[in-house]
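Now for the letters of each chain:
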Amino acid sequence: MAQRQQDGTTDGTGGTGRRALLGAAVLGAGGAVLGAAGAAHAGTATAGSRSGPGRGGLRSLPVPTVIAHRGASGYRPEHTLGSYQLALDMGADVVEAGDLVPTRDGHLVCRHEPEIGGTTDVADHPEFAGRRRTKVLDGVSTTGWFTEDFTLAELKRLRATERIPANRPHNTLYDGRWAIPAFEEVLRWQDEQTRRRGTQVWIYPELKHPAYFRGLGLGTEERLAALLRRHGKDREDSPVIVQSFEPTSVRRMRSLVGNPLVVLLSDAKSRPWDFAESGDPRTTADLITPAGLREIASYAQGIGPTLDLVVPRGADGRLTRPTSLVRDAHRAGLVLHPYTMRNENPFLPAEFRKGDDPDAYGDAFGAFRAYFATGIDGIFTDQPDTALLARADVNR
């Protein structure tokens with residue numbers, strides 16, 4: 001298989017040309033999805049500003065990079081060592097381990113959100129019934145149990161459960177099997193797996209709601225930086241990519257560590273919560289302009305946009321033409337790791353769905369082909385095995 005590296009070269013023949021052709025000719029079920037714009041974007045993906053293979057660091061990863069979203073979360077409850085382990089066994093290039101939130105005693109743990117009622121068995125613990133609260137989280141009233149109200153020792157008494165059982169009833173088989181991992185455990189697991197496999201394991205933690213936690217006196221950037229320094233993983237070539245939806249948090253991390261950094265981007269009309277708190281009127285639409293991307297490139301190495309910022313969906317749920325985001329980001333010297341591809345019908349663009357069963361798979365390979373054809377540098381996915389097969393098809 002010819003596998004393109006970050007400078008657009010291949011380790012075989014024909015990989016780059018194959019992707020460019022796809023950019024001009026990928027078809028959805030019933031009509032063309034990508035046109036000439038996709039081909040132009042794929043060409044931009046070979047921008048000479050990127051480092052070549054063998055130099056180490058973020059830009060040494062294969063392209064498109066397969067990033068296991070919260071581990072192999074399509075098959076195991078997310079943010080568990082079981083999910084992370086399976087992602088590596090499947091061959092994922094990078095594991096998103098994990099979404100980082102603090103405990104009352106200052107430890108960082110891996111949960112999708114600080115509210116843990118939907119991802120653990122905390123409701124089954126009568127001793128914690130009195131911890132249920134209603135809080136305002138980034139402007140949204142949220143009721144449940146929150147990590148900042150528990151010590152690490154208390155959280156270790158809980159067990160993880162499947163977050164979306166309607167879409168993944170098979171994952172409920174593993175409810176209660178794994179504890180909530182502390183991030184320091186993940187760093188040790190990363191080292192162990194690297195030694196065992198003989199190849200460097202990469203992880204991609206996200207700082208969740210950093211402004212919210214800073215307001216509680218639980219600043220997460222300093223805690224993460226201290227852990228990375230303690231484990232010798234705080235350099236530019238360290239196999240730990242740090243991401244956040246809050247640009248000021250990413251800027252703060254730049255002042256603390258040398259790690260590759262990524263700014264996450266939600267829908268165009270959304271406003272990063274740190275901007276809302278500080279009175280900055282800009283929205284995501286402002287950040288993805290050429291000027292906005294150049295500013296991000298002054299302190300980060302990449303962006304993690306929602307897939308809809310790369311290829312929007314129309315009113316009918318089908319993919320339309322790609323935007324200029326891939327081209328513009330590459331011109332700014334940024335890599336793009338969009339999120340999130342899932343195999344199940346409800347999450348796919350309409351032309352790739354098969355029936356309306358919420359647990360059934362649609363044409364995930366077709367969707368992967370459409371997204372890869374835009375020239376993105378990687379993709380977050382709940383099913384890394386599917387993404388790896390799709391990449392092999394594209395780079396063949």
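Residues numbered from 1 in each chain as written. Predicted model: local features only at pLDDT ≥ 70, side-chain atom pairs only at ≥ 80, totals over all residues. Heavy atoms only, no water.

From N to C terminus, the protein chain includes 15 helices and 15 strands. Counting only residues that meet the buried cut, the protein chain has 59% of its 396 residues in that class. Element-wise, carbon and sulfur atoms account for 50% of the exposed surface of the protein chain, whose accessible area totals about 14,800 Å². (Helix = DSSP H or I, 4+ residues; strand = E, 2+ residues; numbered from the N terminus. Buried < 20%, exposed > 50% of the residue type's maximum accessible area, 1.4 Å probe, protein only. Areas by Shrake-Rupley, 256 points an atom, 1.4 Å probe, with all protein chains shown as cover.)

This next bit is on unusual backbone geometry. The omega angle of the peptide bond from V63 to P64 is -5 degrees, so this bond is cis rather than trans. For P64, the location among the structural elements is in the loop between α2 (36–44) and β3 (65–68). Going from A97 to G98, the amide bond is cis rather than trans, its omega being 0 degrees. Mapped onto the secondary structure, G98 falls in the loop between β4 (94–95) and β5 (99–102). One non-glycine residue, H79, lies in positive phi territory at about 50 degrees. Classification of H79 by relative accessible area gives buried; the value is 0%. A positive phi angle, close to 50 degrees, is found at H209, a residue other than glycine. Take H209: it is sitting in the loop between β10 (206–207) and α6 (210–215).

Let us now look at the nonpolar core. A general tendency of soluble globular proteins is for nonpolar side chains to be buried together. If you look at the biggest cluster of nonpolar residues, it comprises 67 residues, and the most contacted ones within it are F183, L224, I303, M341 and Y371. The greatest single-element share of this core, amounting to 6 residues, is contributed by helix α14 (residues 364–372). Here Y371 is in contact with L307, V311, R313, L319, M341, P349, I376 and I379, once residues within four sequence places are set aside. With 17 residues, the next largest nonpolar core counts V122, F146, L152 and Y212 among its residues. (Core = buried A, V, L, I, M, F, W, Y, C linked by side-chain atoms within 4.5 Å. Contact = heavy atoms within 4.5 Å.)

What follows deals with the pattern of salt bridges. This structure, assessed with the given rule, holds 29 salt bridges. R168 serves as the salt-bridge partner of E344, at 2.9 Å between the closest nitrogen and oxygen. Here R168 lies in the loop between α4 (152–155) and α5 (183–197) and E344 lies in the loop between β14 (335–336) and α14, a separation of 176 residues in the sequence. No difference in accessibility class separates E344 from R168, as the two residues are buried. Shared partners join several salt bridges into a network, and the residues in it are R70, E78, D99 and R163. (Salt bridge = Lys/Arg side-chain N within 4 Å of Asp/Glu carboxyl O.)

This part is about helix α11 (residues 290–297). For α11, the set of buried residues is G292, L293 and I296. For α11, the angular spread of buried residues about the axis comes to 100 degrees, placing them on one side. In the core, the buried residues of α11 are packed alongside β12 (261–265), α10 (284–287), β13 (302–305) and α13 (325–331). (Arc of directions from axis to C-beta.)

Moving on: the sheet that holds strand β15 (residues 378–381). What links the strands of a sheet is backbone hydrogen bonding, and the strands pair in either a parallel or an antiparallel sense. Strand order in the open sheet formed by 4 strands is β9-β4-β3-β15, and the pairing between neighbours is parallel. Edge strands, defined here as strands with exactly one partner in the open sheet, are β9 (202–203) and β15. Relative to β9, β4 runs parallel, the two sharing 2 bridges. Paired with V94 across the bridge in β9 is W202. (Pairing = 2+ DSSP bridges.)

This next bit is on the side chain of E206. In this structure, E206 sits in strand β10. When near neighbours in sequence (up to four residues on either side) are disregarded, E206 contacts E96, G98, D99, L100, Q243, S244, F245 and L264.

Relative to the assigned elements, I203 resides in strand β9. Along the sequence, I203 and G71 sit 132 residues apart, while their C-alpha atoms lie 9.8 Å from each other. Here I203 is in contact with V94, V95, A97, F183, V186, L187, W189, Q190, P239, V240 and I241, once residues within four sequence places are set aside.

Below, the discussion takes up the layout of surface pockets. Taken as a whole, the largest pocket encloses approximately 650 Å³ of empty space. Lining the largest pocket we find 30 residues, and of these E113, E206, K208, H209 and F245 sit closest to its centre. At the level of elements, β8 (140–144), β10, β11 (242–244) and β12 are the ones that each hand at least two residues to the lining of the largest pocket. (1 Å grid on protein atoms, 1.4 Å probe; cavity = no way out; pocket = protein on both sides within 12 Å on 5 of 7 lines; lining within 4 Å. Points joined across faces, edges and corners; volume = space filled by probe spheres on them.)

Let us look at the side chain of H337. Inspection of the secondary structure assignment puts H337 in the loop between β14 and α14. You can call H337 buried: its relative accessible area is 0%. If sequence neighbours within four positions are ignored, H337 has contacts with L58, T65, I67, Y204, I303, G304, P305, D377, G378 and F380.

Below, the discussion takes up the packing of α5 against helix α7 (residues 220–230). Viewed as axis vectors pointing N to C, α5 and α7 meet at an angle of 30 degrees, and their least axial separation amounts to 11 Å. In terms of their interaxial angle, α5 and α7 are classed as roughly parallel. Seen along the crossing, α5 lies across α7 with a hand that is right-handed. Mapping the contact onto sequence places F183, E184 and L187 in α5 and L224, L227, L228 and R230 in α7. (Axes fitted to C-alpha atoms, helices over the stretch in contact; angles between N-to-C directions. Parallel < 35°, antiparallel > 145°, perpendicular 65-115°, else oblique. Left-handed = near helix turned anticlockwise from the far one by under 90°.)

The next thing to look at is the packing of helix α3 (residues 81–90) against α5. Between α3 and α5, the least distance of the axes is 12 Å, while the angle of their chain directions is 30 degrees. By the criterion of interaxial angle, the relationship of α3 to α5 is roughly parallel. Crossing angle aside, the handedness with which α3 passes α5 is right-handed. From α3, L81, Y84, Q85, L88 and D89 reach across to α5, where they touch V186, W189, Q193 and R197. Tallied by class, residues from the contact of α3 with α5 come to 5 nonpolar, 2 polar and 2 charged. (Nonpolar A, V, L, I, M, F, W, Y, C, P; charged D, E, K, R; others polar.)

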